[in-house]
Amino acid sequence: MGQTAAAGRRVFSSAVQGPRLTAMVWALAAVGSFHAAYAMPAFFPLMVIFAAGTAGAAWIDSARGAFWLGLGIGFAIYAPHLFFFARIFHFFAISLWLILAVWVGFFVLLAHYARRRFPRWASLVIFPILWMGLEYFRSELYPLRFAWLTPGLAFPPEGAAGVVGVYGIGGLLMLLATGALLVGRAWRFPALAAAVAIVGCAPLLDRGGEGGRAGAGRTGPLIVGIQSAAVPGCLDRALAAYPNADLFILSEYSFQTPPPSAVRAWCAAHQKYLLAGGIRYLDPGPGVPRDAFRDTAFVVGPDGSLVFEQAKSVPIQFMSDGLPAAGQQLWHSPWGDIGVCICYDLSYTRVTDRLVKLGATMLIVPAMDVTSWGLHEHQLHARIGPMRAAEYGIPVVRVCSSGISQIIDRSGQVTASAPFPGPGAMLAGRVAMGATGRLPADRVAARWCAWAAIGDGVVELSLAARRRVADSRMGRRKALAVTPG
């Protein structure tokens, strides 16, 4: 028994010493700092430690260990925040958590290969490209894309964050973190502390004149948003509270059809604009099944007619959310060109970037988050709008069925909100509309980084498979060589 215990201690000691122990410590630091940064707004600079910990995990002594350690980091950071998946998808939620975690596993694996193959200084270039590329790919490009819980969304939108872009933040964090890891051991923690201090100053940086005119622009409409409530009764209450309102907004799926005649008659009687979510059923035909529909935002004009509609571009996977929009266009409103996207469309920069390129001076987003998904889901979703407003430099108005609804100015500051769950709650504000939006600095770079990272992954995994086959053949030859007779 004593010999068995001693052997067990030797195995455990060999498993947790040297590079393996160091990598595990870095992994724990990554998980803890990520949760701290998302838990408290003031702790966002700790995302540098998350980046350093994730990169430091690549110093483990085996490729297999690198992937599994990265997978563990990803699962530990995503699953607690996305626990509401269990209420929606039940046991299938575990698969979704693992799918998200796989991308962190890929990063640590590819970073491990890069560390072994290239000089140390090359990590300063390779690690940020890999991180930004894989983050952009998992958020925007592949079928199960999900753009939440990036390090950039833990940042306040003001200052440099909006100019750099949400994916650019991740790349710069990895650049700072990798630089701190590559200095001498005695200087490593002072370097990390300096990186944390630098990131903490990001909201204070001058945006080249943009911050001074964040609220500037010609006078826009007085907008009133109403969270899920009986229609048209809620419109009467909103009109009584805000008789000078120009535009009323209802949430996604407020109607199971286009706005009904009673609602259109209300708009005509009071000479008001209304934007509301509904459903547009499609005529069956080639490639269009029976009962096919599009989740659509409709605009009713002051004469009671439908003056604009825009379907949802990215329906939610695994849910009955209709077919994707055939295209995107702007509503040429009396106050300027307005881009309309629906709910999770706001999460995908490939959707909102197109609206900005078309010339949008404001984004309006009817949304629906189910109350049973919980407060934390609504809080995570509410992080998207301020970052988009800051990235594009245009106001964003988001009206959600059960909160958290927001009116956000050009600088990313929330000027009015309605709470969760808040059935029937209203928010109102006059929105300043000015110049058209502009894309942040990361958009082109992130796309190129994505293809570079995926290409590197294909090459490295192919080489690993070839090495495994070669080792297997060599093992068989050795076995045949020592076989008697």
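Note: the structure precedes this text.
This report concerns the structure included in the present document. Numbering of residues starts from 1 in each chain and follows the order in which that chain's sequence is written. The predicted origin of the model limits local features to residues at a pLDDT of at least 70 and limits the giving and counting of side-chain atom pairs to 80 or more, whereas totals for whole chains, interfaces and linings rest on all residues. Excluded from the side-chain calculation are hydrogens and water; included are all heavy atoms of the structure.

1. Description of the overall build of the protein chain
Here comes step 1: The helix and strand labels rest on DSSP assignments: H or I over at least four residues marks a helix, E over at least two residues marks a strand, and numbering proceeds from the N terminus. Helix and strand content of the protein chain: 16 helices and 12 strands.
Here comes step 2: A principal-axis box enclosing the C-alpha atoms of the protein chain has dimensions of 95 × 55 × 45 Å.
Here comes step 3: Residue contacts are counted whenever heavy atoms from the two residues lie within 4.5 Å of one another. Nonlocal contacts in the protein chain, meaning residues at least 24 apart in sequence, comprise 70% of its contacts between residues at least 6 apart.
Here comes step 4: Here the open area of atoms and residues is found with the Shrake-Rupley method and a 1.4 Å probe, where only the protein chains shown may cover a residue. Split by element, the accessible area of the protein chain, about 21000 Å² in all, is 65% carbon and sulfur.

2. Looking at the sheet that holds strand β9 (residues 396–400)
Here comes step 1: One requirement defines pairing of two strands: DSSP has to find at least two bridges between them. With mixed pairing, six strands are arranged side by side in an open sheet as β6-β7-β8-β9-β10-β11. A single partner strand is all that each edge strand has here, and the edge strands are β6 (330–333) and β11 (414–418). Going across the sheet, the axis of each strand differs from the next one's by a mean of 20°, ignoring polarity.
Here comes step 2: Pairing analysis gives three bridges linking β9 to strand β10 (residues 405–408), with the strands arranged antiparallel. Its bridge partner being in β10, valine 397 is matched across the sheet by isoleucine 407.
Here comes step 3: Sheet strands touched by helix α15 (residues 384–392): β8 (362–367), β9, β10 and β11. Its angle to β10, the strand with the most contacts, is close to 20°. Orientation is described by lines fitted to C-alpha atoms, with helices fitted over the stretch in contact, and by angles between N-to-C directions that extend from 0 to 180 degrees.

3. Quick look at the packing of helix α11 (residues 233–241) against helix α12 (residues 261–270)
Here comes step 1: At a closest axis distance of 11 Å, the pairing of α11 and α12 adopts a crossing angle of 20°. In terms of orientation, α11 lies roughly parallel with respect to α12. Our pair here, α11 against α12, has a crossing hand that is right-handed. Contacts between α11 and α12 involve Leu235, Asp236 and Leu239 on the former and, on the latter, Val263, Trp266 and His270.
Here comes step 2: Classifying every residue of the contact of α11 with α12 gives four nonpolar, one polar and one charged. Small angles under 35 degrees read as roughly parallel and large ones over 145 as roughly antiparallel, with 65 to 115 read as roughly perpendicular and the rest as oblique. By convention the crossing between two helices is left-handed if the near helix lies anticlockwise of the far one by an angle smaller than a right angle, and right-handed if it lies clockwise. Basically, the charged four are Asp, Glu, Lys and Arg, the nonpolar ten are Ala, Val, Leu, Ile, Met, Phe, Trp, Tyr, Cys and Pro, and anything else, Gly included, counts as polar.

4. Re the side chain of glutamate 252
Here comes step 1: With respect to the helices and strands, the residue glutamate 252 is situated in the loop between β2 (247–250) and α12.
Here comes step 2: Only 3.2 Å separates the side chain of glutamate 252 from the side chain of lysine 312, close enough to count as a polar contact.
Here comes step 3: As used in this structure description, the phrase polar contact means that two N or O atoms lie within 3.5 Å; if the pair is within protein, one of them must be able to donate a hydrogen and the other to accept it, and residues adjacent in sequence are counted only when both atoms belong to side chains. Within polar-contact distance, the side chain of glutamate 252 engages the backbone nitrogen of methionine 368 at 2.9 Å.
Here comes step 4: Glutamate 252 has contacts with Gly277, Asp295, Lys312, Asp321, Ile342, Cys343, Pro366, Ala367 and Met368, leaving out every residue within four places of it along the chain.

5. Some remarks on the layout of surface pockets
Here comes step 1: Roughly 420 Å³ of volume is contained in the largest pocket.
Here comes step 2: Breaking the lining of the largest pocket down by element, the ones donating at least two residues are α4 (63–81), α6 (92–117) and α16 (442–481).
Here comes step 3: No other element matches the six residues that α16 contributes to the lining of the largest pocket.
Here comes step 4: Tallied by class, the residues present in the lining of the largest pocket amount to seven nonpolar, no polar and six charged. Note on definitions: the grid is 1 Å and covers protein atoms alone; a cavity is a set of points where a 1.4 Å probe fits but cannot get out; a pocket is an open set with protein on both sides within 12 Å along at least five of seven lines; lining residues have an atom within 4 Å of a point. Grid points are joined across faces, edges and corners, and a volume is the space filled by probe spheres set on the points.

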